[in-house]
Amino acid sequence: MRRAPRFWRWLRRVFVAIVVLPVFAGAAWLGFLGRPPAPPPPLEPDGAERAGWPSPISVGPTGHGACIRVLAIDGGGVRGLIPALLLERIEQRTEKPIAALFDLIVGTSTGSILALGLTRPSDADATRPEYAASDIVRLFKENAATIFPSDFALLRWLQGFFRPKYRPQTVEAVYERYFGDVRFFEALTRVAVPAYDIGNRRRIWFGETGHTGLFMKDIVRGATAVPTYFPPVRLAVQKREVQEGYITLVDGAVFANNPVQDAFAFAQKLRPRDLQPGDDGSVLLVSVGTGAGGRKYEFESAWGWGGISWFNPLLEILLSDPGLEVQARRVAALAGVGYLRLQPDFGDALVPLDASTPEAIDHLTAVTRKYLDGEKKADLDILVTELKQPRSSKCRIVGRPYERPVGPRKRQGTP
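Caption draft 1: Examining helix 7 (residues 168–179) more closely. Compared with the 16 Å implied by 1.5 Å per residue over 12 residues, the 16 Å span of helix 7 between its first and last C-alpha is a close match. Within the span of helix 7, buried status applies to Pro168, Thr170, Val171, Val174, Tyr175, Tyr178 and Phe179. Here the buried residues of helix 7 occupy an arc of 165° about the axis, which is enough to place them on one side. Buried-residue contacts for helix 7 involve helix 4 (110–117), helix 5 (133–147) and helix 8 (216–223). Positive backbone phi, approximately 55°, marks Gly180, located one or two places after helix 7.

Caption draft 2: Here's a closer look at the pattern of salt bridges. Counted under the stated rule, the structure contains 19 salt bridges. The salt bridge partner of Asp279 is Arg396, with a shortest N-O separation of 3.2 Å. Of the two residues, Asp279 sits in the loop between helix 10 (260–268) and strand 7 (283–288) while Arg396 sits in the segment after helix 15 (377–388), which places them 117 residues apart along the sequence. Residue class for Asp279 comes out partly exposed when judged on its relative accessible area of 24%. Using a relative accessible area of 29% as the deciding quantity, one classes Arg396 as partly exposed. Residue Lys376 pairs with Asp379 through a salt bridge whose shortest N-O separation is 3.1 Å. On the accessibility criterion, Lys376 (14% relative accessible area) is buried.

Caption draft 3: Region of interest: the nonpolar core. One finds Leu87 and Phe206 to be the most contacted residues of the largest nonpolar core, which totals 76 residues. Those residues in contact with Leu87 that sit more than four places away from it in its chain are Leu71, Ile73, Ile98, Leu114, Leu118, Ala133 and Val288. In terms of nonpolar packing, the next biggest core, distinct from the first, is built from 23 residues, Phe255, Val260, Ala263 and Cys395 among them.

Here is what the cut-offs are and how they apply
Along every chain, residues carry numbers that run from 1 in the direction the sequence is written. Residues qualify for local features only when their pLDDT is at least 70, as the model is predicted, and side-chain atom pairs are given and counted only at 80 or more; totals for whole chains, interfaces and linings, by contrast, use all residues. Based on all heavy atoms of the structure, the side-chain values leave hydrogens and waters out of the count. What counts as a helix is a DSSP run of H or I of at least four residues, what counts as a strand is a run of E of at least two, and both are numbered from the N terminus. For a helix, the expected span equals 1.5 Å multiplied by the number of residues minus one. Between buried and exposed lies partly exposed: a residue is buried under 20% and exposed over 50% of the maximum accessible area for its type, with that area taken using a 1.4 Å probe on protein chains only. By arc we mean the arc of the directions from the helix axis to the C-beta atoms, nothing more. In this analysis, two residues are considered to be in contact whenever any of their non-hydrogen atoms come within 4.5 Å of each other. Within this document, salt bridges are pairs made up of a side-chain nitrogen of Lys or Arg and a carboxyl oxygen of Asp or Glu, the two lying within 4 Å of each other. Grouping buried Ala, Val, Leu, Ile, Met, Phe, Trp, Tyr and Cys residues that are joined through side-chain atoms within 4.5 Å yields what is termed a nonpolar core.

Okay, structure coming up:
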């Protein structure tokens with residue numbers, strides 16, 4: 001009998017080593033692991049009652065609104081359309097721009113687009129914002145399919161194991177068009193944006209920890225560099241800030257996708273240290289999410305998961321952990337802070353952060369409008385009333401170091 005050529009014998013051995021043996025080994029390991037254990041019997045009720053955590057909205061003195069007003073915006077990719085629609089409704093009802101309603105805006109990832117987009121000064125009048133919330137709504141609707149193209153979906157999914165799924169040049173062109181040469185410190189109100197510096201293994205809060213001389217477009221690019229979706233960005237900074245002379249950024253959602261706790265901490269810095277009895281130090285904190293819901297995972301399914309199977313669930317948990325909401329309510333109640341969370345719920349539906357099809361955009365829009373006109377209408381009425389109320393004469397807020405010029409915005413030099 002004629003023997004197979006040496007090459008084919010070698011190829012057969014490689015196939016056995018790479019494919020057959022791992023399959024048998026995996027099957028043997030699963031057999032060793034066994035079936036998942038049966039669910040435990042439910043515990044008997046102990047009669048204890050959980051304490052509620054009420055969150056008052058009106059916190060200022062009688063006849064006045066809160067002294068310090070803070071807005072926190074979650075990350076969530078294309079789902080940033082949700083907070084854009086929510087803020088559009090608030091602007092319509094208060095007849096004021098978001099930058100004039102809040103003393104501090106904290107935005108993570110896609111929330112940074114809103115935070116900086118709504119505080120970007122106009123080139124014609126540096127005391128007014130260039131964009132309304134409705135303009136940011138259009139930004140998401142008109143550019144979602146360009147930033148997150150849905151063609152070749154399987155190929156992009158496979159590419160995501162080895163390289164980023166999407167090209168950064170496309171999103172950089174969008175940021176260039178909207179932010180131009182505006183620098184961070186020109187924002188019309190205080191802004192805080194998180195990003196993670198992977199080169200120095202540290203968290204960065206633009207607006208709180210320096211680097212405010214950078215362009216808004218560059219900060220947003222780094223703050224939205226979701227791992228596996230976009231590559232990181234490297235920005236030059238002064239050596240007195242970082243020894244290497246540059247920072248390497250990925251999305252701040254890796255540590256603060258819901259930035260409400262940090263927003264609460266930053267709000268405390270707006271209170272003067274020498275507050276006297278009778279001074280108004282009241283705080284209103286409004287937290288805006290990018291939609292709750294998504295898949296729930298059964299114990300029997302997750303029992304045998306490995307690294308690849310856990311990747312997407314871990315990313316979903318990272319971006320939508322409801323535990324932060326519970327903690328925020330407790331902290332707000334204990335500190336006497338007015339707190340409101342605006343967060344539509346998708347139910348069991350999963351809306352990925354790169355869901356850019358027209359159907360996905362229409363779904364996000366419909367869910368948000370139904371939420372605003374239905375279950376949350378009463379809360380929104382109270383919030384609008386609160387935001388329209390004047391501040392007390394006893395209200396004192398720490399000032400900003402940058403004074404906006406009157407008239408057209410001037411191109412800023414490097415600080």
